[in-house]
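# Structure at a glance
Chain residues, written in single-letter form:
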Amino acid sequence: VTDYTVTGHQQTNAGNYEIKITLSGNYEIAANTPDLSYTIAQATNGWKDDKKPTISGGVYNGSAYAANTDGCTALFGTFNTKYYKVEGDVETALDGAPTNAGSYRVRFVGGVSTNYTQLNDYIDFTITPKAITPQLSTENLVYKTTAQTVTASTAEGVTDFTVTCENATVEGKSISVTNAGEYTVVFTL
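Bear in mind that the values here come from a model prediction, so they are computed numbers and not experimental data. (Residues numbered from 1 in each chain as written. Predicted model: local features only at pLDDT ≥ 70, side-chain atom pairs only at ≥ 80, totals over all residues. Heavy atoms only, no water.)

We now examine the overall build of the protein. Helix and strand content of the protein: zero helices and 14 strands. Starting at the N terminus and ending at the C terminus, the protein contains elements arranged as β-β-β-β-β-β-β-β-β-β-β-β-β-β. Taken over C-alpha atoms, the radius of gyration comes to 35 Å for the protein, far larger than the 16 Å a tight globule of 189 residues would show. By principal-axis analysis of the C-alpha atoms, the protein measures approximately 125 × 30 × 20 Å. Per-residue burial for the protein yields a buried fraction of 20% across its 189 residues. Restricting to contacts in the protein with at least 6 residues of sequence separation, those with at least 24 account for 46%. Carbon and sulfur atoms form 47% of the exposed surface of the protein, whose accessible area is close to 13100 Å². If the 11 positive side-chain charges of the protein are averaged to one point and the 19 negative ones to another, these points end up 5 Å apart. (Helix = DSSP H or I, 4+ residues; strand = E, 2+ residues; numbered from the N terminus. Rg over C-alpha atoms; globule rule 2.2 N^0.38 Å. Buried < 20%, exposed > 50% of the residue type's maximum accessible area, 1.4 Å probe, protein only. Contact = heavy atoms within 4.5 Å. Areas by Shrake-Rupley, 256 points an atom, 1.4 Å probe, with all protein chains shown as cover. Lys, Arg positive; Asp, Glu negative; His and termini not counted. Charge placed at Lys NZ, Arg CZ, Asp CG, Glu CD.)

Below you can see the structure in the form of structure tokens.
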């Protein structure tokens, strides 16, 4: 049979299609021939070559922790990167990559079409607080009739803290005492 036409066989988008064969001349399609149909299913989006973004948390350092998306490509369409602060089951959107200590989630979300599903991937990470070592300019003083002053600091050079001390005069990071005794200096970050 050489005298025929076929339609509906060159589809490229997801959907259900029917092939129609038209014969001419000495042939016809048999009456009990089932419909010729096929489906192109919606593709599942993901990462090209399985190259996914990465991020690892770390210790607070004053800099933003951003995901590495170099060389990462969605199988279909493009994707956006969005950061969230996570507290329990609640996600709060951030304006950019986080800096402060806490629990976070970075989401990678791509477009969706009738031909492919939406890319929706995420990574959880944590920025832990930086440990600091409080220190005083001196720890042992000998009683004098005038006030004596010690200065509070940290071994790491952190200056964003306040100090308090009962029965003492505190000005900024300086603690002045006159009487003999034991004093407890409280550092608050």
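What follows deals with a nonpolar patch on the surface. A surface patch of nonpolar side chains, amounting to about 400 Å² of accessible area, comprises Tyr4, Val6, Ile21, Ile29 and Leu36. One can find Ile29 in the loop between β2 (15-23) and β3 (36-40). (Patch = residues over 30% accessible without salt bridge, like charges linked within 9 Å, V, L, I, M, F, W, Y side chains within 5 Å. Salt bridge = Lys/Arg side-chain N within 4 Å of Asp/Glu carboxyl O.)

Our next topic: the packing of aromatic side chains. One pass over the structure, following the stated rule, counts seven aromatic pairs. Ring plane angle 75 degrees and centroid distance 6.3 Å describe the contact between Phe79 and Phe108, whose orientation is recorded as edge-to-face. Here Phe79 is found in strand β5 (residues 79-87), whereas its partner Phe108 is found in strand β7 (residues 102-110), with 29 residues between them in sequence. When its relative accessible area of 1% is taken as the criterion, Phe108 is described as buried. Taken together, the ring pairs connect Trp47, Phe79 and Phe108 into an aromatic cluster. Lying across the ring of Tyr122, Arg105 places its NZ or CZ 4.5 Å from the centre. The ring centre of Phe161 lies 4.5 Å from the NZ or CZ of Lys173, which sits over that ring. (Phe/Tyr/Trp six-rings, centres within 6.5 Å; stacked < 30°, edge-to-face > 60°. Lys NZ or Arg CZ within 6 Å of the ring centre and 35° of its normal.)

Once that is clear, we can look at the nonpolar core. In terms of nonpolar packing, the biggest core is built from 14 residues, with Phe79, Val106 and Phe125 touching the most fellow members. Sorting the residues of this core by element identifies β5, β7 and β8 (120-128) as the ones contributing at least two each. Ranked by residues supplied to this core, first place goes to β7 with three residues. Not counting residues up to four positions away in its chain, the partners in contact with Phe125 are Ile55, Ser56, Gly57, Tyr65, Tyr83, Pro98, Gly102, Ser103, Tyr104, Arg105 and Val106. Of all hydrophobic cores here, the second largest spans eight residues; its members include Ala152, Phe161, Ile175 and Val185. (Core = buried A, V, L, I, M, F, W, Y, C linked by side-chain atoms within 4.5 Å.)

Quick look at the sheet that holds strand β12 (residues 169-171) now. Pairing in this open sheet of four strands is antiparallel, and the strands run β9-β10-β13-β12 from one edge to the other. The open sheet has two free edges, formed respectively by β9 (134-136) and β12, since each of these has just one partner strand. The average angle at which neighbouring strand axes cross in this sheet is 25 degrees, direction not considered. (Pairing = 2+ DSSP bridges. Axes fitted to C-alpha atoms, helices over the stretch in contact; angles between N-to-C directions.)

This brings us to the side chain of Arg107. Looking at where Arg107 falls in the secondary structure, it is placed in strand β7. Relative accessible area serves as the criterion here: at 19%, Arg107 is assigned to the buried category. A distance of 3.0 Å separates the side chain of Arg107 from the side chain of Glu91, its partner in a polar contact. There is a polar contact of 3.5 Å between the side chain of Arg107 and the side chain of Asn120. (Polar contact = N/O pair within 3.5 Å; in protein donor to acceptor, adjacent residues only side chain to side chain.)

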